[in-house]
Amino acid sequence: MSTKPNLIQPRTLKGFRDFPPQMMIPREALIATAKRVYSSFGFSPIDTPALEYTEILLGKGGAETDKQMYRFEDNGGRDVGLRFDLTVPFARFAAQHIGQLGTPFKRYHVGLVWRGENAQRGRYREFIQCDFDTIGTVSPTSDIESALVIHSLFRELGFERFTIRINDRRLLSGVLESQGLVERQGDVLRALDKLGKIGPEKVAKELIEGAGLSAQEAQAVLEFSALEGSTGEMLAKAESLVGDSEAGALGIASLRELFRSVEAAGADPARFALDLSIARGLDYYTGTIFETFLDDLPGIGSCCSGGRYDDLAGLYTKEHLPGVGASLGVDRLLAAMEELGMVDGTSAPCPVFMPMLEKERDSDYLALAMELRAAGLGVELYPEPRKLGAQLKYADRRGFRVAVIAGSREFDAGTVQVKDLVQKSGQDHGRKDAPAAIRALLGV
RNA sequence: GUGGGCAUAGCUCAGUUGGUUAGAGCGCCGGAUUGUGAUUCCGGAGGUCGGGGGUUCAAGUCCCCUUGUCCACCCCA
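Residues numbered from 1 in each chain as written. Chains lettered and ligands numbered in written order. Predicted model: local features only at pLDDT ≥ 70, side-chain atom pairs only at ≥ 80, totals over all residues. Heavy atoms only, no water.

Student: Please set out the pattern of salt bridges residue by residue, giving values where relevant.
Tutor: Using the criterion set out here, one finds 24 salt bridges in the structure. The residue D295 makes a salt bridge to R271 at a minimum N-O spacing of 3.5 Å. On the criterion of sequence distance, the pair formed by D295 in the loop between β9 (288-294) and β10 (304-309) and R271 in the loop between α11 (246-264) and β8 (272-274) is long-range, its members being 24 residues apart. Taking the shortest distance from any N to any O, the salt bridge between K359 and D362 comes out at 3.6 Å. Looking at K359, the relative accessible area reads 42%, which means it is partly exposed. (Salt bridge = Lys/Arg side-chain N within 4 Å of Asp/Glu carboxyl O. Helix = DSSP H or I, 4+ residues; strand = E, 2+ residues; numbered from the N terminus. Buried < 20%, exposed > 50% of the residue type's maximum accessible area, 1.4 Å probe, protein only.)

Student: Residues and numbers for the sheet that holds strand β6 (residues 126-135), please.
Tutor: If you walk across this open sheet you meet the 8 strands as β1-β5-β6-β11-β10-β9-β7-β8, and the pairing is mixed. Edge positions in the sheet fall to β1 (44-45) and β8, since each of these pairs with one other strand and no more. Pairing analysis gives 2 bridges linking β1 to strand β5 (residues 105-114), with the strands arranged parallel. Across the sheet, the residue bridging to S44 is R107, located in β5. Against the sheet, helix α6 (residues 169-179) contacts β7 (162-168) and β9, and its axis sits at roughly 40 degrees relative to β7. Its contacts with the sheet place helix α12 (residues 330-339) against β6, β9 and β11 (323-329), and it is angled at close to 40 degrees to β11. (Pairing = 2+ DSSP bridges. Contact = heavy atoms within 4.5 Å. Axes fitted to C-alpha atoms, helices over the stretch in contact; angles between N-to-C directions.)

Student: Kindly report on the pairing of β5, identifying the contributing residues and their values.
Tutor: Consecutive side chains of a regular strand alternate in pointing toward one face of the sheet and then the other. Counting buried positions along β5 yields 7 of 10 residues, so the element is predominantly enclosed. Here 10 bridges tie β5 to β6, and the two strands are oriented antiparallel to one another. Residue pairing for β6: F105 is matched across the bridge by I135.

Student: Describe in detail the packing of α6 against helix α9 (residues 215-225), supporting the description with residues and values.
Tutor: Contact pair α6 / α9: the axes reach a minimum separation of 11 Å and the direction vectors enclose 155 degrees. Relative to α9, the element α6 is oriented roughly antiparallel. Crossing of α6 over α9 shows right-handed handedness. Every residue of α9 that contacts α6 at L171, L172, V175, L176 and Q179 is listed here: E217, A220, V221 and F224. The residue makeup of the contact of α6 with α9, split by class, is 7 nonpolar, 1 polar and 1 charged. (Parallel < 35°, antiparallel > 145°, perpendicular 65-115°, else oblique. Left-handed = near helix turned anticlockwise from the far one by under 90°. Nonpolar A, V, L, I, M, F, W, Y, C, P; charged D, E, K, R; others polar.)

Student: Help me get a handle on the side chain of E380, residues and values and all.
Tutor: Structurally, the position occupied by E380 is in strand β13 (residues 379-381). In this structure, E380 is buried with no salt-bridge partner, the nearest side chain bearing the opposite charge being R398 at 5.6 Å. Among the polar contacts made by the side chain of E380, one reaches the side chain of Y394 at a distance of 2.7 Å. Residues in contact with E380, not counting those within four places in the same chain, are C350, V352, F353, M354, Y394 and F400. (Lys, Arg positive; Asp, Glu negative; His and termini not counted. Polar contact = N/O pair within 3.5 Å; in protein donor to acceptor, adjacent residues only side chain to side chain.)

Student: Kindly report on helix α1 (residues 21-40), identifying the contributing residues and their values.
Tutor: End to end, α1 covers 28 Å across 20 residues, agreeing with the expected 28 Å (1.5 Å per residue, within 8%). All of the buried residues in α1 are M23, P26, R27, L30, I31, T33, A34, V37 and Y38. With its buried residues spanning 155 degrees around the axis, α1 presents them on a single face. Where α1 is buried, its residues contact β5, β6, α5 (140-156), β11 and α12. Where α1 terminates, the next one or two residues include G42, which has phi positive at roughly 90 degrees. (Expected span 1.5 Å × (residues − 1). Arc of directions from axis to C-beta.)

What follows is the structure, given as structure tokens:
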């Protein structure tokens, strides 16, 4: 008979992660910033279930997302799947509730999504998206405001060097239309998306062998994607390539207005770039497309992507519900910020630390801590009397900025010592004056 | 799903053509120091060398499998 307990190895699934406080605190701060920015543009919060009927999700993102979807039969025999993004469930939500919501409807949504693909840096199987979308209007103003939301968001998160790459699917559609190649759009888009990575020769090869284009057609498509120059110049050249296609003309006009408007609105024009090669792998986009890259870490991929999808909700309702919005990749961005040294690694959940010196006075400590909390100051009371140096080290490591130190001496005299943990200096104050002294140190 | 690189203490890593009891720095805990974080000194804990199998007198080291991780592809947040 074995005397050893049969321990289960503690572990998480591949691509699924635990979050200790020093990760969770910046993650929550990032989400709080996103919510603040979204709200300031008039987006309201919603939530939807993680699990949906498979028929709601299947075939909405494309062959790839279908393959990556976590799908199973529930205990009631229903065919169900975990959502792989927040846009498809939102389209379902809007189709179901639009009668009560009215249009236009603007929502933001923070939630976990799941994709069963191989994990890499900045790529996980379970990750948070933080979406904002406007549904029920085709107004270009919503496209423009979407770009402005992304701009404000990255600014508020502390980024100066980022680029919002913008394209419009109608441009390529126009080129394809004028070449009579509309049905091949999906394959062509996917091939073009690789332009920056594998170069024009290989893309041409893929266009011919993969998408079945003639050499001449491939050349026209490539010429379009490789356009260079200023935004104005590129748009002028693109205009000639889309020929008399109506969709192409609309796309050109829309992009012109967008670039003009974001600048007129006061955003930094250097943060926006026309990029005719970005395509977005998800099939539901129909117009404007956004991808946001960090100039200092482009390799991690797009941290905020989106665009206009005018037909998605049409899968669930006969009502026309065009939409536009984007998705912030919280976990990818967090990985990037960590790599760029933008997270400080501390994990103090509140500003004030209170060491315990004498166990016999613990009700005095509890009362003092409550007194400070009532004054609006978060306090962590150390639960046992250890050497003061050790307790201060504990506080220091967690990033506390202020310690409130008291023992019999202070309790009997009705004072406390307020210590600046950064400057390493302390000063005695009467208990009533302590909150003000702490606030002065915190600069609030 | 495909191809490749890694896996040794909590962290970063040494470890020679296979050869005695697997090391260092940092960190952690205790003490010098009964109420103040550094430095210094002393002491301590912590490893089935990712897991399994094989070759060998002998494997951290070589071979196979497996798991994890990273990179590239695919795709994407």
